[in-house]
Amino acid sequence: MTHASAPRSHAAPLAPGPRGAPLLGNLPDLRRDRIRIFLDAADTYGDVVRFQFGPGPKRTGHLLRHPDHIKHVFIDAADRFTKQTPGVREVRALLGDGLLTSEGALWRRQRRIAQPAFHKQRIAAFADVMVRAADELVDGWMRRPRPDAPVDVVSEMMRLALRIVTETLLGTDVPIDAAATAHALDLILADTRKGVTRILKIPRHVPTPDNRRFQEAVAVLDREVLRIIEHRRKAPEGGTDLVSTLMAARDPETGEGMTDRQLRDEVMTMFAAGHETTANALTWTFYLLSTHPDVRRRARAEVLTGTGGRLPTFADLGALDLVGRVFQESMRLYPPAWMITRRAAEDDVVGGYLIPKDSLVFLAPYVTHRHPAYWENPEGFDPDRFAGGALARMPRFAYFPFGGGARQCIGSSFAMVEGTLVLATILRRVRLDLVPGQTITPEPGITLRPRGSIHMRVVPEPPPT
Ligand code: HEM
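Cut-off values and rules
Residues numbered from 1 in each chain as written. Predicted model: local features only at pLDDT ≥ 70, side-chain atom pairs only at ≥ 80, totals over all residues. Heavy atoms only, no water. Helix = DSSP H or I, 4+ residues; strand = E, 2+ residues; numbered from the N terminus. Rg over C-alpha atoms; globule rule 2.2 N^0.38 Å. Buried < 20%, exposed > 50% of the residue type's maximum accessible area, 1.4 Å probe, protein only. Contact = heavy atoms within 4.5 Å. Areas by Shrake-Rupley, 256 points an atom, 1.4 Å probe, with all protein chains shown as cover. Lys, Arg positive; Asp, Glu negative; His and termini not counted. Charge placed at Lys NZ, Arg CZ, Asp CG, Glu CD. Near = heavy atom within 4 Å. Polar contact = N/O pair within 3.5 Å; in protein donor to acceptor, adjacent residues only side chain to side chain. Nonpolar A, V, L, I, M, F, W, Y, C, P; charged D, E, K, R; others polar. Axes fitted to C-alpha atoms, helices over the stretch in contact; angles between N-to-C directions. Parallel < 35°, antiparallel > 145°, perpendicular 65-115°, else oblique. Core = buried A, V, L, I, M, F, W, Y, C linked by side-chain atoms within 4.5 Å. UniProt positions renumbered as here; feature names shortened; annotations may be inferred. Phe/Tyr/Trp six-rings, centres within 6.5 Å; stacked < 30°, edge-to-face > 60°. Pairing = 2+ DSSP bridges. Salt bridge = Lys/Arg side-chain N within 4 Å of Asp/Glu carboxyl O.

*Asks:* Teacher, can you tell me more about the overall build of the protein here?
*Replies:* When you go through the protein residue by residue, the secondary structure sums to 15 helices and 12 strands. Taking 465 residues into account, the globule formula puts the C-alpha radius of gyration at 23 Å, and the protein, at 22 Å, falls close to it. Projected onto the principal axes, the alpha-carbon positions of the protein cover approximately 70 × 55 × 45 Å. Taking all 465 residues of the protein together, the buried fraction comes to 54%. Here the contacts in the protein between residues at least 6 apart in sequence split such that 76% fall between residues at least 24 apart. About 20200 Å² of surface is accessible on the protein, with carbon and sulfur atoms providing 55% of the total. Here the protein holds 63 positive side-chain charges and 54 negative ones, and the gap between their average locations is 2 Å.

*Asks:* Help me understand the site of the ligand in this model?
*Replies:* What surrounds the ligand is a group of 26 residues, the closest being Trp-107, Arg-111, Arg-342, Arg-407 and Cys-409. Within the contact set of the ligand, an oxygen atom lies 2.7 Å away from a side-chain nitrogen or oxygen of Arg-342. Elements with a contribution of two residues or more to the shell around the ligand: α4 (104–114), α10 (260–273), α11 (276–291), β5 (340–344) and α15 (412–429). Split by residue class, the shell around the ligand holds 17 nonpolar, 5 polar and 4 charged.

*Asks:* Help me understand the packing of α11 against helix α12 (residues 293–307) in this model?
*Replies:* When two helices pack together, their arrangement is captured by the angle between the axes and the distance separating the axes. At a minimum axis distance of 5 Å, the contact between α11 and α12 shows a crossing angle of 110°. Between α11 and α12, the angle falls in the class roughly perpendicular. Residues Leu-289, Ser-290 and Thr-291 of α11 form the contact with α12, whose own contacting residues are Pro-293, Val-295 and Arg-296. Grouping the constituent residues of the contact of α11 with α12 by class yields 3 nonpolar, 2 polar and 1 charged.

*Asks:* Looking at this structure, how should I read the nonpolar core?
*Replies:* Across soluble globular proteins, nonpolar side chains have a tendency to be buried as a group. Counting residues in hydrophobic clusters, the biggest one holds 115 residues, and the most contacted among them are Phe-38, Leu-63, Trp-141, Met-157, Phe-271 and Ile-426. Broken down by element, the residue count for this core peaks at 10 residues, all from helix α5 (residues 120–142). In this structure, Val-48, Leu-64, Val-350 and Leu-363 belong to the second largest nonpolar core, which totals 16 residues.

*Asks:* Would you take a moment to explain the UniProt feature "binding site: heme" (unreviewed entry) in the protein for this structure?
*Replies:* UniProt marks Cys-409 with the feature "binding site: heme" (unreviewed entry), using the numbering shown here. Position of Cys-409 among the secondary structure elements: in the loop between α14 (365–368) and α15. The partly exposed category is assigned to Cys-409, whose relative accessible area is 31%. Ignoring sequence-local partners within four residues, the contact set of Cys-409 consists of Arg-111 and Phe-402.

*Asks:* Could you clarify how one ought to interpret the packing of aromatic side chains in this entry?
*Replies:* The geometry of an aromatic ring pair is captured by the separation of the ring centres together with the interplanar angle, meaning the angle of the planes. Counted by the stated rule, this structure contains 13 aromatic pairs. For the ring pair Phe-38 and Phe-51, a centre distance of 5.2 Å and an interplane angle of 45° mean the geometry is tilted. A residue pair is termed long-range when its members are at least 10 positions apart, and Phe-38 in helix α1 (residues 27–45) and Phe-51 in strand β1 (residues 48–52) qualify at 13 residues. Classification of Phe-38 as buried rests on a relative accessible area of 2%. Members of the aromatic cluster, connected to one another through ring pairs, are Phe-38, Phe-51, Phe-53, Trp-338 and Phe-362.

*Asks:* What is the right way to look at the side chain of Glu-461 in this model?
*Replies:* Here Glu-461 is to be found in the segment after β12 (455–460). Relative accessible area serves as the criterion here: at 16%, Glu-461 is assigned to the buried category. Setting aside residues up to four positions removed in sequence, Glu-461 forms contacts with Arg-296, Arg-300, Leu-427, Arg-428, Arg-429, Val-430 and Arg-431.

*Asks:* In this structure, what is going on with the pairing of β12? I would like to understand it.
*Replies:* One ladder, built from 3 bridges, connects strand β4 (residues 150–152) with β12; its direction is antiparallel. Bridging from a neighbouring strand, Pro-150 pairs with Arg-457 of β12. Relative to β12, strand β9 (residues 430–434) is paired through 5 bridges, and the arrangement is antiparallel. Note that in β12 the partner of Leu-432 across the bridge is Val-458.

*Asks:* How should I be thinking about the pattern of salt bridges in this particular structure?
*Replies:* Note that side chains of opposite charge can pair when their charged atoms are close. The final tally for this structure, using the stated rule, is 30 salt bridges. One salt bridge connects Arg-429 with Asp-135, and the closest N-O pair in it is separated by 3.0 Å. Linking Arg-429 in helix α15 with Asp-135 in helix α5, this pair joins segments that are 294 residues apart in sequence. Overall, Asp-135 belongs to the buried group, its relative accessible area being 14%. A salt bridge links Arg-451 to Glu-443, with the shortest nitrogen-to-oxygen separation between them at 3.2 Å. Taking relative accessible area as the criterion, Arg-451 reaches 44% and is therefore assigned partly exposed. Judged by its relative accessible area of 21%, Glu-443 falls in the partly exposed class. Salt bridges sharing partners connect three or more residues here, namely Asp-222, Arg-261, Arg-264 and Asp-265.

*Asks:* Could you clarify how one ought to interpret the sheet that holds strand β8 (residues 360–363) in this entry?
*Replies:* Strands in a sheet are paired, the pairing made by backbone hydrogen bonds, and the direction either parallel or antiparallel. An order of β1-β2-β8-β5-β3 is seen for the 5 strands of this open sheet, with the pairing classed as mixed. The sheet is open, and its two edges are formed by β1 and β3 (81–82), each paired on a single side. With respect to the sheet, helix α2 (residues 67–76) is in contact with β1, β2 (60–64), β3, β5 and β8, its orientation differing from that of β8 by roughly 120°.

This is the structure in structure tokens:
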């Protein structure tokens with residue numbers, strides 16, 4: 001079996017795929033349950049599956065499951081694929097032309113400017129903030145009249161990750177209106193989710209009730225982001241946080257700084273991309289630990305021995321091997337960026353099939369992370385599958401929760417450190433037990449959230465000795 005992906009060829013056949021309705025193709029099915037349809041289609045048709053959302057290549061999408069095909073799109077043929085996709089068009093209404101959505105020379109310049117804020121030393125300096133924020137979250141739970149009353153882990157993790165990203169990257173002690181921000185983001189994400197698969201596209205400027213609500217929510221976030229920027233402007237020169245770095249950056253050719261609009265787009269991007277994803281990963285992790293008490297017990301034991309019972313630090317990360325693997329395995333089963341999309345800028349051939357110019361490719365960590373050729377018992381939660389550097393012995397893109405190539409997540413190390421330290425800090429003091437009777441299902445939007453809330457009871461652990 002060969003998975004080599006050759007350059008353009010018009011002789012290549014179209015990929016197989018499920019038959020759809022006459023006009024809308026597979027769109028009605030995908031609107032119903034994208035995850036199930038993708039998994040079933042890959043089982044039935046193999047590593048390259050074609051979906052049709054209407055007539056023409058623009059309404060054609062290819063699910064690519066094989067690690068070599070993922071590498072082809074991210075690395076080998078990266079210049080043949082763009083981010084001109086429905087998802088990016090939707091999030092651009094909020095993020096403008098920030099790092100996640102821009103392309104070409106603008107993206108290259110912005111990435112170069114932002115990169116130093118994510119160097120290992122910087123992340124080490126953020127570790128204390130991450131641990132303190134998580135420990136204070138537990139303090140808050142314990143101070144309630146009934147400390148063991150259930151909490152909604154979805155919103156608690158969102159609040160925590162929002163605090164961490166604002167206090168570290170955005171370098172601000174401006175109190176963010178967390179409730180208003182979370183509400184606005186919820187609304188925007190829900191609307192964006194609908195937008196990607198909406199059959200009838202209504203332009204954003206048409207004042208429908210949905211569009212009005214969307215614009216109001218964007219205005220709430222704009223207000224918070226502008227507060228951060230104004231606060232930075234008033235601060236003395238020479239801050240080392242990301243916002244200061246972006247403000248101080250000068251174009252080497254023109255000597256010009258970033259416009260207010262560009263600054264707003266970058267801060268909004270970090271604000272949104274820097275907390276939604278990590279919060280979802282943490283939420284899924286606590287859910288999985290509550291359903292696998294043996295793993296939870298082992299992870300807590302590691303926290304206590306690895307740190308001697310005190311609060312964890314950046315230097316402890318090496319001793320938190322299992323905790324890190326728990327986070328990795330949780331992102332295998334529930335990758336927050338569950339599907340990454342690109343558009344073919346020219347005809348290409350992947351796995352022997354034609355990928356016509358203008359059609360889409362779907363790289364879905366959710367699907368590849370369950371590829372039966374690479375993962376034993378793919379639906380099982382088993383952090384030990386990552387033990388002993390197992391990942392290094394697998395094909396590079398069998399696991400890719402942070403994407404790959406030049407557009408790989410800039411915050412991946414930040415997120416791994418945050419995930420591991422937050423888990424260790426919380427596991428040290430409490431256990432989160434799933435309140436029975438809830439049906440937990442993933443909701444595939446731009447990110448993979450649980451549908452609704454997840455209520456969990458906070459159970460204090462014996463104090464570390
Ligand atoms: C568990 C947490 C996270 C996951 C799973 C995740 C996932 C991803 C993925 C898959 C991409 C690539 C998207 C694509 O190729 O289209 C990406 C890009 C990006 N992520 Fe993350 N991310 C996480 C955390 C973060 C954090 C903490 C930050 C910032 C503080 C961040 C900021 C960004 C930015 C700015 C980009 C765009 C990079 C570029 O195109 O140059 N992410 N992320």
